[in-house]
Amino acid sequence: MREFSQAELQIFFDSDAINQHPKFKEISKYKLRLFPANNRKSKKITELSCQDVLKKLKLPKFYVYHMAKVQQFYIDYLKLDKGKFRFKQLTDEEKAFYNKYHWDVELDLESVGGWKEVAGVHYRTDHDLKGHQDISNQKMEINMDGKKIMPHVLELSFGIDRNVYALLETAYEREKGGREVLRFPKVVSPIDAGIFPLVNKDKLPEKARELQCLLIDSGFQVFYDSSGSIGRRYRRVDEIGVAASLTIDHETLKDNTITLRDRDSMKQIRIKMKDVALILGRFLNGEKLTELGKLIK
């Protein structure tokens with residue numbers, strides 16, 4: 001894709017402080033997955049702690065700190081396979097002339113031929129503001145702690161389309177039994193839960209609608225589905241990556257409990273309707289089903 005939607009974070013800072021970052025100690029031992037330019041022939045990915053990156057690759061603390069945060073976003077938040085992530089160093093011939101340091105984020109995507117760029121961390125020096133100043137004749141310097149400086153820019157750039165595509169590819173799985181599922185990380189699944197009455201009678205739909213309103217009022221993205229068998233409805237939500245299924249059955253009318261089904265394991269627990277918002281929130285934030293209730297056998 002030569003044209004794509006892009007999200008960028010421009011961080012303005014004093015270039016004299018590029019070898020500092022107040023939170024660097026928090027990530028100093030965190031290991032980055034790096035593909036330096038001199039590894040092109042061997043195709044080897046090197047893992048170095050952030051502290052070692054400073055020494056061996058001579059990158060500044062401010063830059064390395066943000067590399068760590070970008071990697072953590074992909075691996076810890078988006079839950080992408082660590083082995084499919086790397087930072088690729090661009091050579092002087094490949095990078096933009098104004099970038100002093102340029103490492104691209106690449107993901108290993110089988111359907112498009114392997115490692116592809118999806119983001120980048122670029123130190124653009126003072127190119128942006130200095131260029132603007134030269135053309136506009138407006139001073140871009142600022143006074144910082146009594147010192148006049150031209151701010152430098154660290155740019156974190158992400159291709160939105162490419163990252164969404166990467167999520168789709170890495171989340172998709174066709175199981176041996178034929179079930180197709182998108183295993184989106186729960187925090188990024190566009191829909192939090194599907195709500196299903198077991199049958200379209202006996203006041204179960206009304207109870208399901210009641211639950212739907214409760215969860216919408218609590219800030220969840222949910223939808224209601226009453227068409228087809230319950231098994232077919234489960235399959236439909238699995239296919240679009242919905243993490244949780246909430247089913248209202250005849251037992252609900254007796255004790256006001258419902259079932260919560262996990263997309264990935266297909267296992268279920270029974271929970272009280274008044275606790276659904278709390279337990280669903282905990283489930284979407286990563287707690288295991290077995291920590292939230294007793295599995296239904």
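So, how was this worked out
Residues numbered from 1 in each chain as written. Predicted model: local features only at pLDDT ≥ 70, side-chain atom pairs only at ≥ 80, totals over all residues. Heavy atoms only, no water. Helix = DSSP H or I, 4+ residues; strand = E, 2+ residues; numbered from the N terminus. Rg over C-alpha atoms; globule rule 2.2 N^0.38 Å. Buried < 20%, exposed > 50% of the residue type's maximum accessible area, 1.4 Å probe, protein only. Contact = heavy atoms within 4.5 Å. Areas by Shrake-Rupley, 256 points an atom, 1.4 Å probe, with all protein chains shown as cover. Lys, Arg positive; Asp, Glu negative; His and termini not counted. Charge placed at Lys NZ, Arg CZ, Asp CG, Glu CD. Pairing = 2+ DSSP bridges. Axes fitted to C-alpha atoms, helices over the stretch in contact; angles between N-to-C directions. Salt bridge = Lys/Arg side-chain N within 4 Å of Asp/Glu carboxyl O. Parallel < 35°, antiparallel > 145°, perpendicular 65-115°, else oblique. Left-handed = near helix turned anticlockwise from the far one by under 90°.

Further remarks concern the overall build of the chain. Secondary structure assignment for the chain yields 10 helices and 16 strands. Its C-alpha atoms give the chain a radius of gyration of 25 Å, more than 25% over the compact-globule value 19 Å for 297 residues. Across its three principal axes, the chain shows a C-alpha extent of roughly 75 × 45 × 35 Å. The buried share of the chain, taken over its 297 residues, is 44%. Sequence-distant contacts in the chain: of pairs separated by 6 or more residues, those separated by 24 or more amount to 60%. Counting only carbon and sulfur atoms, one obtains 50% of the accessible surface of the chain, whose full area is about 16,700 Å². Positive and negative side-chain charges in the chain, numbering 53 and 44 respectively, have mean positions lying 5 Å apart.

As a further point, take the sheet that holds strand E15 (residues 257-262). Read from one edge of the open sheet, five strands run E13-E12-E14-E15-E16, paired in mixed fashion. Each edge of the sheet is formed by a strand with only one pairing partner; in this case those strands are strand E13 (222-224) and strand E16 (268-272). If you compare each strand with its neighbour and ignore which way they point, the axes differ by 25° on average. Two elements, strand E14 (residues 244-248) and E15, share four bridges in a ladder whose sense is antiparallel. Within E15, the residue paired with Thr-247 across the bridge is Thr-259. Against the sheet, helix H6 (residues 204-217) makes contact with strand E12 (193-197), E13, E14 and E15, and its axis sits at roughly 165° relative to E13, the strand it touches most. Across the sheet, helix H7 (residues 230-239) touches E12, E13, E14, E15 and E16, and the angle it forms with E12 is around 170°.

On to the pattern of salt bridges. Overall, the coordinates contain 26 salt bridges when judged by the stated rule. Residue Glu-47 is joined to Arg-33 by a salt bridge in which the shortest nitrogen-to-oxygen separation is 3.0 Å. Remark: Arg-33 occurs in strand E2 (residues 31-35) and Glu-47 occurs in strand E3 (residues 46-49); sequence separation between them is 14 residues. Residue class for Glu-47 comes out partly exposed when judged on its relative accessible area of 32%. Taking the relative accessible area as the measure of exposure, Arg-33 reaches 9% and is therefore buried. Measuring nitrogen to oxygen at the nearest pair gives 3.8 Å for the salt bridge that ties Lys-82 to Glu-47. With Lys-82 in the loop between helix H3 (61-77) and strand E4 (85-89) and Glu-47 in strand E3, this pair connects stretches of sequence that are 35 residues apart. Judged by relative accessible area, which is 39%, Lys-82 ranks as partly exposed. By sharing partners, the salt bridges in this structure join Glu-173, Glu-175, Arg-179, Arg-183, Arg-235, Asp-238, Arg-261, Arg-263 and Asp-264 into a single network.

This part is about the packing of H6 against helix H9 (residues 276-284). Two numbers describe how H6 lies on H9: the axes approach to 10 Å, and their chain directions differ by 60°. One way to sum up the angle between H6 and H9 is to call them oblique. Between H6 and H9 lies a crossing of right-handed hand. Between H6 and H9, the contacting residues are Leu-211, Leu-214 and Leu-215 on the first element and Val-276, Ala-277 and Leu-280 on the second.

Shape is all these values report; function is a separate question.
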